[in-house]
Amino acid sequence: MHSPRQYDIIVNGHCDSGDHIWPRGQAVKTSPFHGGNTGSIPVGVIKNIIWRHSQAVRHGSATPLSSVRFRLRLLWTTATSFLLVLRFGFVFRYAVVLRKINLLIALTLLLAGGLKAQNHSDQIIANLQEPAARSVLVVSHRADWRNAPENSLQAIQNCIDMGVDVIEIDLKKTKDGHLILMHDKKIDRTTTGKGYPADYTLEELRQFRLKSGTGHKTAHLIPTLEEVMLLCKGKILVNIDKGYDYFKEAYAILEKTGTVQQCIIKAGLPYEQVKAENGDVLDKVIFMPVVQLHKEGAEAIIDSYQKHMKPAAYELVFDNDSQPVLDLIQKVRATGANLFINSLWPELCGGHDDDRAVELHQPDESWGWIINQGAKLIQTDRPVLLLEYLRTKKLHD
């Protein structure tokens, strides 16, 4: 029986992590029926590339977006080899052909599944570029605090499972320098302990348990920011609310976990102050100014940010829906920035809040009104119900 034909396949051997499995553009001789040895289909090489790139992503030298491109290239290589099997397989032994087909299909499914599972956050980021009239993103306040302790890993996982786009979290620092999730200045309300986070080391805080929304002890521990970002990586975006005091330290953790582009840091401060306090780090993160439209000087703050950095989004807070407030909302909208509006309670959104939507059964006067102002992101304490509402309006998947 004749030996298999050899096929020259031009392969881009550059891995997004910076590694080169073989020189870029080099013709690699392959056969669709042999794996692992030189001169054969690069099944072994494919597996090696996958492993090496996964290590790069884990260590932060390859971004989630580059991971998408990388996996698409591997899918193309695998699919091309599979087609060669179908075209020339009749020449060779059936058992060998079948084995290689099964392996190629398995690799293809593995890559496709990983592409979908690990890069949902990239889809959310891409969605931010779409007009608000086409889709609206849901931000869950302190994650899913109604069904799990606020700012807990379980509350965050619940949000990922239900299809929320962004979770909002709050930060404090321990005695030994760890950033943890905690809203209040003290741990009394949300944990079984008492005092300030800075009174304890992380290990000491681990002896306490988080409380449920009804004040009962649970089995959940206080999570660190690093643990949260690793859980959220590739799945959901994160909005750090009470955390500006730890701007640079938070950035270091985002760098370490490879999640810089998944996190929004914000502050209700003028541009000049934020820039002076954070320097070049401000240009490396997604920063969102918080502007209280009903207060004096709001327009000047907007103008300053537009002059110096043109933010991707503004969080707009207003305790009334008077014409001056509406004019400022439209001014920000005209800049092309995304609008982030809270529906948590009336004083944040001019009376168009969650309770009005749910308890008064007026979702169009609440969430609908906010959407009509051009909001791209709505922060809510009712994520499940807001998702249902948006889906009925064809504004969310």
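Numbering of residues starts from 1 in each chain and follows the order in which that chain's sequence is written. Local features in this predicted model are restricted to residues whose pLDDT is 70 or higher, and side-chain atom pairs enter the listing and the counts only when it is 80 or higher, whereas totals over whole chains, interfaces and linings include all residues. In computing side-chain properties, one takes all heavy atoms of the structure into account and sets aside hydrogens as well as water.

Caption draft 1: Expanded view of the pattern of salt bridges. Whenever a carboxyl oxygen of Asp or Glu lies within 4 Å of a side-chain nitrogen of Lys or Arg, that contact is scored as a salt bridge. As enumerated under the stated definition, the model contains 14 salt bridges in all. The salt bridge involving Glu 150 is made with Arg 142; its shortest N-O contact spans 3.3 Å. The salt bridge partner of Arg 382 is Glu 359, with a shortest N-O separation of 3.5 Å. On the criterion of sequence distance, the pair formed by Arg 382 in the loop between strand S12 (375-380) and helix H15 (383-392) and Glu 359 in the loop between helix H13 (354-358) and helix H14 (364-372) is long-range, its members being 23 residues apart. Working definition: with a 1.4 Å probe on protein chains only, accessible area under 20% of the residue-type maximum means buried, over 50% means exposed, and in between means partly exposed. Relative accessible area serves as the criterion here: at 51%, Glu 359 is assigned to the exposed category. Each member of the salt-bridge network shares a partner with another, and the members are Arg 142, Glu 150, Asp 184 and Arg 189. By the criteria applied, helices consist of DSSP H or I runs no shorter than four residues and strands consist of E runs no shorter than two, each listed in order from the N terminus.

Caption draft 2: Here's a closer look at unusual backbone geometry. Within the chain, Arg 142 stands out as a residue other than glycine whose phi angle is a positive 55°. With respect to the helices and strands, the residue Arg 142 is situated in the loop between strand S3 (137-140) and helix H5 (153-162). Looking at Arg 142, the relative accessible area reads 14%, which means it is buried. Even without glycine at this site, Asn 151 takes up a positive phi of about 55°.

Caption draft 3: Representation of helix H7 (residues 225-232) in the model. Buried within H7 are the following residues: Leu 225, Val 228, Met 229, Leu 231 and Cys 232. Axial view of H7: buried residues confined to an arc of 160°, hence all on one face. Remark: Gly 234 follows H7 within two positions and exhibits a positive phi of approximately 80°. Working note: the arc is built from the helix axis to C-beta atom directions.

Caption draft 4: Representation of the packing of helix H10 (residues 298-308) against helix H11 (residues 323-334) in the model. Between H10 and H11, whose axes approach to 11 Å, the crossing angle comes to 0°. The angle between H10 and H11 places the two elements in the roughly parallel class. Listed contacts from H11 to Ala 298, Glu 299, Ile 302 and Asp 303 of H10 are Leu 328, Lys 331 and Val 332. Amino acids outside the nonpolar list (Ala, Val, Leu, Ile, Met, Phe, Trp, Tyr, Cys, Pro) and the charged list (Asp, Glu, Lys, Arg) are all regarded as polar, and Gly is one of them. A class-by-class count of the residues in the contact of H10 with H11 yields four nonpolar, no polar and three charged. In this analysis an axis means a line fitted to C-alpha atoms, helices contributing only their contacting stretch, and an angle means the value between N-to-C directions, from 0 to 180 degrees. Each angle is binned into one of four classes, with values under 35 degrees roughly parallel, values over 145 roughly antiparallel, values of 65 to 115 roughly perpendicular, and all other values oblique. By the convention used here, residues are in contact when the closest approach between their heavy atoms is within 4.5 Å.

Caption draft 5: Representation of the pairing of strand S11 (residues 338-342) within the structure. In terms of burial, S11 is largely enclosed, as five of its five residues are buried. Burial along S11 is two-sided: the residues Asn 338, Phe 340 and Asn 342 and Leu 339 and Ile 341 are all buried. Pairing analysis gives four bridges linking strand S10 (residues 313-317) to S11, with the strands arranged parallel. Its bridge partner being in S11, Leu 316 is matched across the sheet by Ile 341. Note on the crossover from S10 through H11 to S11: the handedness is right-handed. Being paired, for any two strands, means DSSP has found at least two bridges between them. Handedness rule for crossovers: strands pointing away from the viewer, path from the first strand over the helix to the second running clockwise, crossover right-handed.

Caption draft 6: Inspection of the pairing of S3 at higher detail. Burial along S3 is two-sided: the residues Leu 137 and Val 139 and Val 138 and Ser 140 are all buried. In terms of strand pairing, S3 meets S12 through four bridges, oriented parallel. Residue pairing in the sheet places Val 139 in a bridge with Gln 379 of S12. As paired elements, S3 and strand S4 (residues 166-169) share two bridges and run parallel to each other. Within S4, the position partnered with Val 139 by the bridge is Val 166. Handedness of the crossover joining S3 and S4 through H5: right-handed.

Caption draft 7: Here's a closer look at the environment of Lys 248. With respect to the helices, strands and loops of the structure, Lys 248 is situated in helix H8 (residues 247-257). C-alpha separation for the pair Lys 248 and Asn 278, spaced 30 residues apart in sequence, amounts to 7.0 Å. Excluding its chain neighbours within four sequence positions, the residues that come into contact with Lys 248 are Glu 277, Asn 278 and Val 281.

Caption draft 8: Region of the structure containing the environment of Pro 383. Looking at the secondary structure, you find Pro 383 in helix H15. Judged by relative accessible area, Pro 383 falls into the buried class, the value being 6%. A C-alpha to C-alpha distance of 8.2 Å links Pro 383 and Cys 159, two positions 224 residues apart in sequence. If sequence neighbours within four positions are ignored, Pro 383 has contacts with Val 138, Ser 140, Met 162 and Val 164.

Caption draft 9: Fine view of the packing of H7 against H8. Here H7 crosses H8 at 40°, and the two axes come no closer than 10 Å. In terms of their interaxial angle, H7 and H8 are classed as oblique. The hand of the H7/H8 crossing is right-handed. Between H7 and H8, the residues in contact are Leu 225, Glu 226, Met 229 and Leu 230 and Ala 250, Ile 253, Leu 254, Lys 256 and Thr 257, respectively. Classifying every residue of the contact of H7 with H8 by side-chain character gives six nonpolar, one polar and two charged. Take the far helix as the reference: if the near one is turned anticlockwise from it by less than a right angle, the crossing is left-handed, and if turned clockwise, right-handed.

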